[in-house]
Amino acid sequence: MPSGTDSRYLIEAAGLGKVYQRGNEEVIALRNVNLSIMPGEFTVIIGPSGSGKSTLLHLLGGIDRPTNGELRVTGIDLIAASEAALTRFRRDNIGFVFQFYNLLPSLNALDNVILPLLAKGMSWKDSRARGTAILEQVGLHHRQMHTPGQLSGGEQQRVAIARAMVLEPCFILADEPTGDLDSISANSIIALMVDLNQRLGVTFIVATHNLNLLQVASRSYVLVDGLLNTAHTG
Ligand SMILES: Nc1ncnc2c1ncn2[C@@H]1O[C@H](COP(=O)(O)OP(=O)(O)OP(=O)(O)O)[C@@H](O)[C@H]1O
Ligand SMILES: [Mg+2]
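Described in the following lines is the structure provided in the data block.

Criteria and thresholds
- Residues numbered from 1 in each chain as written.
- Chains lettered and ligands numbered in written order.
- Predicted model: local features only at pLDDT ≥ 70, side-chain atom pairs only at ≥ 80, totals over all residues.
- Heavy atoms only, no water.
- Pairing = 2+ DSSP bridges.
- Helix = DSSP H or I, 4+ residues; strand = E, 2+ residues; numbered from the N terminus.
- Axes fitted to C-alpha atoms, helices over the stretch in contact; angles between N-to-C directions.
- Contact = heavy atoms within 4.5 Å.
- Near = heavy atom within 4 Å.
- Polar contact = N/O pair within 3.5 Å; in protein donor to acceptor, adjacent residues only side chain to side chain.
- Nonpolar A, V, L, I, M, F, W, Y, C, P; charged D, E, K, R; others polar.
- Expected span 1.5 Å × (residues − 1).
- Buried < 20%, exposed > 50% of the residue type's maximum accessible area, 1.4 Å probe, protein only.
- Arc of directions from axis to C-beta.

## Re the sheet that holds strand β8 (residues 204-208)
Part 1: Spatially, six strands are ordered β6-β7-β8-β3-β9-β10 in an open sheet, and the strand pairing comes out mixed. Each of the sheet's edge strands pairs with one partner strand only, and the pair in question is β6 (94-97) and β10 (227-230). Taken pair by pair, the neighbouring strands of this sheet meet at an average axis angle of 20 degrees, ignoring direction.
Part 2: With five bridges connecting them, strand β3 (residues 42-46) and β8 associate as parallel partners. Residue pairing in the sheet places I45 in a bridge with A207 of β8.
Part 3: Against the sheet, helix α2 (residues 83-93) makes contact with β6 and β7 (171-175), and its axis sits at roughly 75 degrees relative to β6, the strand it touches most.

Take a look at the structure:
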């Protein structure tokens, strides 16, 4: 960023915009978004369907590129980065959590969690030890041999959070992580994310419709029609 760059920030976005081309039609998904996030924060972004929440998370995670603006994440300029650099950036820096968990149905919880470690070349023995320790952190030590079909929705989301944490990313992007859960399970996932944030310092950026998340955020924003504003929760 040409001016005002502050290396204490994990994320610095200025004037960020995203326009999708759908046939002849231009869909403006994000307009002039300014956002700075420090390590250790618990950021919540709420907004109606179609307001641009997923689009914003995709830009911050290097899944998609902005149409305009400036974006520096973990000190890396994501506008200038090559495709290969973006792939490396995603793998090394970001954990992703999705609404529908995205676990592999044929693998048990432990194997789902350690897959990224094995893919990176860690030994089976070290991967299992680390996976077991992370499953303990999310309260699922007793379910590690269960496949996703043998777990409740809330338990599956705990596995997905463990998988997102296993490579020790700089932050976790969670897109509607409670959207598929009943309110009791949703509240327990919120409590888990707060616990991981406070106890282990895991940085979360969560896009959601769940207003309960506003109560636990260290910083919260509202997205409406692609425009980001600070949320007033008082
Ligand atoms: N690949 C795409 N091509 C064209 N338009 C898109 C594409 N992806 C998203 N959009 C449009 O961009 C806008 C923002 O979409 P986005 O998915 O970011 O919203 P959202 O806030 O995550 O919504 P929801 O709460 O329903 O998940 C919407 O108008 C959507 O139709
Ligand atoms: Mg979305």
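## Some remarks on unusual backbone geometry
Part 1: Although it is not a glycine, N102 adopts a positive phi angle of roughly 55 degrees.
Part 2: With respect to the element layout, N102 can be found in the loop between β6 and α3 (109-119).

## A few points about the site of ligand 1
Part 1: Residues in close proximity to ligand 1 total 13 residues, the closest being S49, G50, K53, T55 and H209.
Part 2: Residue K53 places a side-chain N or O atom 2.7 Å away from an oxygen atom belonging to ligand 1.
Part 3: H209 is positioned with one of its side-chain polar atoms (N or O) 2.9 Å from an oxygen atom of ligand 1.
Part 4: Only β1 (11-22), β2 (25-37) and α1 (53-60) provide two or more residues apiece to the shell around ligand 1.
Part 5: By residue class, the composition of the shell around ligand 1 is four nonpolar, seven polar and two charged.

## Some words on helix α4 (residues 124-137)
Part 1: Here α4 contains 14 residues, and its C-alpha end-to-end distance of 20 Å stays within 8% of the 20 Å for a straight helix at 1.5 Å per residue.
Part 2: Among all positions in α4, only S127, G131, T132, I134 and L135 are buried. Around the axis of α4, the buried residues are gathered within 165 degrees of arc, so they sit on the same side. Opposite the buried face of α4, by more than 90 degrees, sit the exposed residues K125 and A129.
Part 3: Looking at the packing, one finds that the buried side of α4 touches α3 and α5 (153-165).
Part 4: Once α4 ends, the next one or two residues include G139, with phi positive near 75 degrees.

Honestly, it's all geometry; don't read function into it.
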